[in-house]
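Results of the structural survey
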Amino acid sequence: MTLKILVGIIILAIVVYAAILIYQQYLLRQIKALVDSQSEIDPAAIQADIAGVKTMSLTGKTLEQVNQLDTDYSDLTENRLPRLTAQLEEARQQAKQYHLFQAAANKNKAAASLRVARQVVKQLGENVDQLQKIDAQHKEAVTALQRRYQELRKALLSKNFLYGDSIDALETQLATLEDNNDTFSALTSQGDHEKATALMEQLQRDTDRLGELIEQIPPLYKMLKEEFPAQIAEIKSGLATLKQEGYQFPESDLDAQVTQLDEDLQAAYEALAKLNLNDATAMSKQLESKADHLYDVMEKEMAAKPKVEANLDVLAKFIAHAKNQNSVLSKELDRLSQNYTLDHDEQATVHDFAGQLKTVEKQYQTDITAIHENQAVYTEVFDRQEQQRADLEAMETQQQAINEAVAGLAEEEKQALKTLQQFDFEMHAIHRQVANLNLPGLAKDYTNYFQVVSTEIGKLNHDINQPRINMEEITKQLIMIQSDLDILKEKTTDLIDSSQLAEQLIQYANRYRMSHDDVAAASDEAQRLFDEDYNYAKSLESIATVLDRVEPGSYKRLEDNYYQSKKQQQDNDPLEGL
């Protein structure tokens, strides 16, 4: 048992010792890796870069930045790197002496110090690169800005006539630009790059702005100096000429508008001289709009004059024609109103037209006077002429419609009388036909309807023979009577056919009276309906039904014979069918 414990202790000791050796070698490898990383830091290269920056002529904030670089480098080489070396050596010795926990702690400190040292080196490199880039950029900017300045200066000096009064303000800006270029060049040469950077940005904006002004002012100046003055002069001359020729204008303040053009032009020119391009551009657009408006006013009056003059004779004839048409129509309506009722206010309408014609003629004469006295605004006269033409055309159309409507009154009356005579003839024919039947009597509904139509015809005869008749009402009566007369004809035809057929069938049924009691009974009933009730259709129906039972097809045969015979009679005597 004791031997087993001893063996176990020995094995555990071997394992522990092996673990210590393995950890020792792990620490030594990590320490060596840190030493190798430290060796990659090249202080000499950093010193050379800083020395290169020092050779530049530096002042101000830039010089302070370089001095800070030198201080940071000294701290790196004199403090941080020696301390890192000591930490690594101490950790290596402790690891060899198996002071593993102390070695691990110092190794971690050395790793942290190495990270800081690397960051310092990186920052030093970036700062040096930045200073070198800024220096190069500023030197390039000095050259570029000087070249651009010379170009702008040359443009102003060689073509100063293109800028008018703006040249003074432009030269002032050019001088300021020259001073700022000199200051920027000096700051760059002195190495004060922080101040130079701030000035460079402003200098670039000022240079670009001056370039834009030099490019944009000439066309605007030309417009204000040459084009607008020429237009204003042309407008003044044209307006004066038109007034001498007797033109008038719808706007009474044209002279004031022209004067305002001169004032606006001067204001735009002054804005341009002060380099206020936005104001000058806006003013030039307003000038253009106002000038276009004045041109438009004059052109419209000139274009309207020949149209007005061409319309004068046309309108004079149109007015005369309309007045004559109105007078003739008015007289015709007065004449017709003696014999006919005019239901659509024709006379009042034509009278209104006469008043409208007076108004049109009065305005026409007013415009003629204004033209002769050189007081006419031709655009306004032309608008009135167009309205007058439209009004006259509308009146002519309506007067023609009225004339056409009343022109047929006499013919309508003649036709109505002819139709009335036809109605009388047809009523007499119907009465004759019914009387010739020698019927025992007529049903009340038939006689009532006959009386209604007779009364309607009588009323029509009364109304049409009045001293003053209403043809519209007469026409309505004609339509109604024709409809009622057609119905009466149908009723009369039914009456004739049913009574004639009933008589024939009753006579035919006599052959079956002795042999068929139902025929005898039906025959008696049919005769009663015929003689007492005057219901010929019912009489026909009652006898026809029984006969068809006794002798199938007999009714159809007798009916066909009747209508065939009736057709022959009508063909021989057409009046028989009336």
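Above this note sits the structure.
These lines cover the structure that appears in this document, whether it is placed above or below. Here the structure is a predicted model, which means the values were calculated and not measured.

**What to know about the overall build of the chain**
Scanning the chain for helices and strands turns up 16 helices and 0 strands. By the burial criterion, 37% of the 578 residues in the chain qualify as buried. Restricting to contacts in the chain with at least 6 residues of sequence separation, those with at least 24 account for 79%. Accessible area for the chain stands at about 33500 Å²; split by element, carbon and sulfur atoms hold 52% of it.

**Observations concerning the packing of helix α13 (residues 471–509) against helix α14 (residues 517–533)**
Taken N-terminus to C-terminus, the directions of α13 and α14 make an angle of 150°; their axes are 10 Å apart at the nearest point. The angle between α13 and α14 places the two elements in the roughly antiparallel class. As for how α13 packs across α14, the hand of that crossing is left-handed. Of α14, the residues touching α13 (which contributes Ser499, Ala502, Glu503, Ile506 and Ala509) are Val519, Ser523, Ala526, Gln527 and Phe530. Of the residues assigned to the contact of α13 with α14, the class counts are 6 nonpolar, 3 polar and 1 charged.

**Concerning unusual backbone geometry**
Of note in the backbone geometry, Asn374 takes a positive phi value of approximately 55° without being a glycine. Judged by its relative accessible area of 37%, Asn374 falls in the partly exposed class. A positive phi is found at Tyr534, a non-glycine position, where the angle reads about 60°. Along the chain, Tyr534 turns up in the loop between α14 and α15 (536–550). Looking at Tyr534, the relative accessible area reads 27%, which means it is partly exposed.

**Overview of α15**
With 15 residues, α15 ought to run about 21 Å at 1.5 Å a step, and its terminal C-alpha atoms sit 21 Å apart, in line with that. Among all positions of α15, only Tyr536, Ser539, Leu540, Ser542, Ile543, Ala544, Val546 and Leu547 are buried. For α15, the elements touching its buried residues are α13, α14 and α16 (554–572).

**As for the pattern of salt bridges**
Scanning all chains against the criterion turns up 17 salt bridges. Arg528 serves as the salt-bridge partner of Glu525, at 2.9 Å between the closest nitrogen and oxygen. A residue pair is termed a helical-turn pair when its members lie 3 or 4 positions apart in one helix, as Glu525 and Arg528 do in helix α14 at 3 residues. Note on Glu525: relative accessible area 33%, which makes it partly exposed. Take Arg528: its relative accessible area is 30%, and that puts it in the partly exposed class. Several salt bridges share partner residues, and in doing so they unite Glu525, Arg528, Glu532 and Asp533 into one network.

**A short note on a negative patch on the surface**
On the surface, Glu226, Glu227, Glu288 and Asp292 cluster together into a negatively charged patch. Counting residues per element, the ones that place at least two in the negative patch are α6 (193–244) and α8 (277–336). Along the chain, the position of Glu227 falls in helix α6. For Glu227, a relative accessible area of 38% corresponds to the partly exposed category.

**Some details on the environment of Ala544**
Positionally, Ala544 belongs in helix α15. Ala544 sits 35 residues away from Ala509 along the chain, and the two C-alpha atoms are 9.2 Å apart. Those residues in contact with Ala544 that lie beyond four places of it in its chain are Leu505 and Tyr555.

**Quick look at the packing of aromatic side chains**
The way to describe two aromatic rings as a pair is by their centre distance and the angle between their planes. Taken as a whole and judged by the stated rule, the model has 4 aromatic pairs. Judged by centre distance (5.2 Å) and plane angle (70°), the rings of Tyr562 and Tyr563 are edge-to-face. Across from the ring centre of Tyr449, 5.4 Å away, lies the NZ or CZ of Lys491, which sits over that ring.

**As for the side chain of Gln385**
In this structure, Gln385 sits in helix α10 (residues 378–407). Among the polar contacts made by the side chain of Gln385, one reaches the main-chain carbonyl oxygen of Val308 at a distance of 3.3 Å. Beyond its immediate chain neighbours, meaning those up to four positions away, Gln385 contacts Lys307, Val308, Asn311, Leu312 and Leu315.

**Remarks on the environment of Tyr536**
Examined against the element boundaries, Tyr536 turns out to sit in helix α15. Separated by 41 residues in the primary sequence, Tyr536 and Leu495 have C-alpha atoms spaced 7.0 Å apart. Beyond its immediate chain neighbours, meaning those up to four positions away, Tyr536 contacts Leu439, Pro440, Gly441, Leu495, Ser498, Ser499, Ala502 and Phe530.

**Thoughts on the packing of α13 against α16**
Interaxial distance between α13 and α16 falls to 11 Å at its minimum, and their mutual angle equals 130°. Classed by the angle they form, the pair α13 and α16 counts as oblique. The interaxial crossing formed by α13 with α16 has right-handed handedness. Counting all contacts with α13, which are made through Thr493, Ile496, Asp497, Gln500, Leu501, Gln504, Leu505 and Tyr508, the residues of α16 involved are Ser554, Tyr555, Arg557, Leu558, Glu559, Tyr562, Tyr563 and Lys566.

**A closer look at α16**
Here α16 is 19 residues long and its end C-alpha atoms lie 27 Å apart, about the 27 Å a rise of 1.5 Å per residue gives. Among all positions of α16, only Ser554, Tyr555, Leu558, Glu559, Tyr562 and Lys566 are buried. Seen from one end, α16 has its buried residues packed into an arc of 125°, which puts them on one side. Those residues of α16 that are exposed and angled more than 90 degrees off the buried face are Lys567, Asp571 and Asn572. For α16, the elements touching its buried residues are α13 and α15.

**Points about the nonpolar core**
One broad rule of soluble globular proteins: the nonpolar side chains tend to lie buried together. Judged by nonpolar contacts, the single largest core of 48 residues is most densely connected at Leu224, Ile235, Phe249, Leu272, Leu287, Met298 and Leu392. Only α6, α7 (254–273), α8, α9 (346–372) and α10 provide two or more residues apiece to this core. When residues in this core are grouped by element, the largest group, 15 residues, is from α8. One finds Ile430, Ile469, Leu488 and Ala502 within the second-largest nonpolar core, a separate group that totals 44 residues.

Calculation notes
Residues numbered from 1 in each chain as written. Predicted model: local features only at pLDDT ≥ 70, side-chain atom pairs only at ≥ 80, totals over all residues. Heavy atoms only, no water. Helix = DSSP H or I, 4+ residues; strand = E, 2+ residues; numbered from the N terminus. Buried < 20%, exposed > 50% of the residue type's maximum accessible area, 1.4 Å probe, protein only. Contact = heavy atoms within 4.5 Å. Areas by Shrake-Rupley, 256 points an atom, 1.4 Å probe, with all protein chains shown as cover. Axes fitted to C-alpha atoms, helices over the stretch in contact; angles between N-to-C directions. Parallel < 35°, antiparallel > 145°, perpendicular 65-115°, else oblique. Left-handed = near helix turned anticlockwise from the far one by under 90°. Nonpolar A, V, L, I, M, F, W, Y, C, P; charged D, E, K, R; others polar. Expected span 1.5 Å × (residues − 1). Salt bridge = Lys/Arg side-chain N within 4 Å of Asp/Glu carboxyl O. Patch = residues over 30% accessible without salt bridge, like charges linked within 9 Å, V, L, I, M, F, W, Y side chains within 5 Å. Lys, Arg positive; Asp, Glu negative; His and termini not counted. Charge placed at Lys NZ, Arg CZ, Asp CG, Glu CD. Phe/Tyr/Trp six-rings, centres within 6.5 Å; stacked < 30°, edge-to-face > 60°. Lys NZ or Arg CZ within 6 Å of the ring centre and 35° of its normal. Polar contact = N/O pair within 3.5 Å; in protein donor to acceptor, adjacent residues only side chain to side chain. Arc of directions from axis to C-beta. Core = buried A, V, L, I, M, F, W, Y, C linked by side-chain atoms within 4.5 Å.

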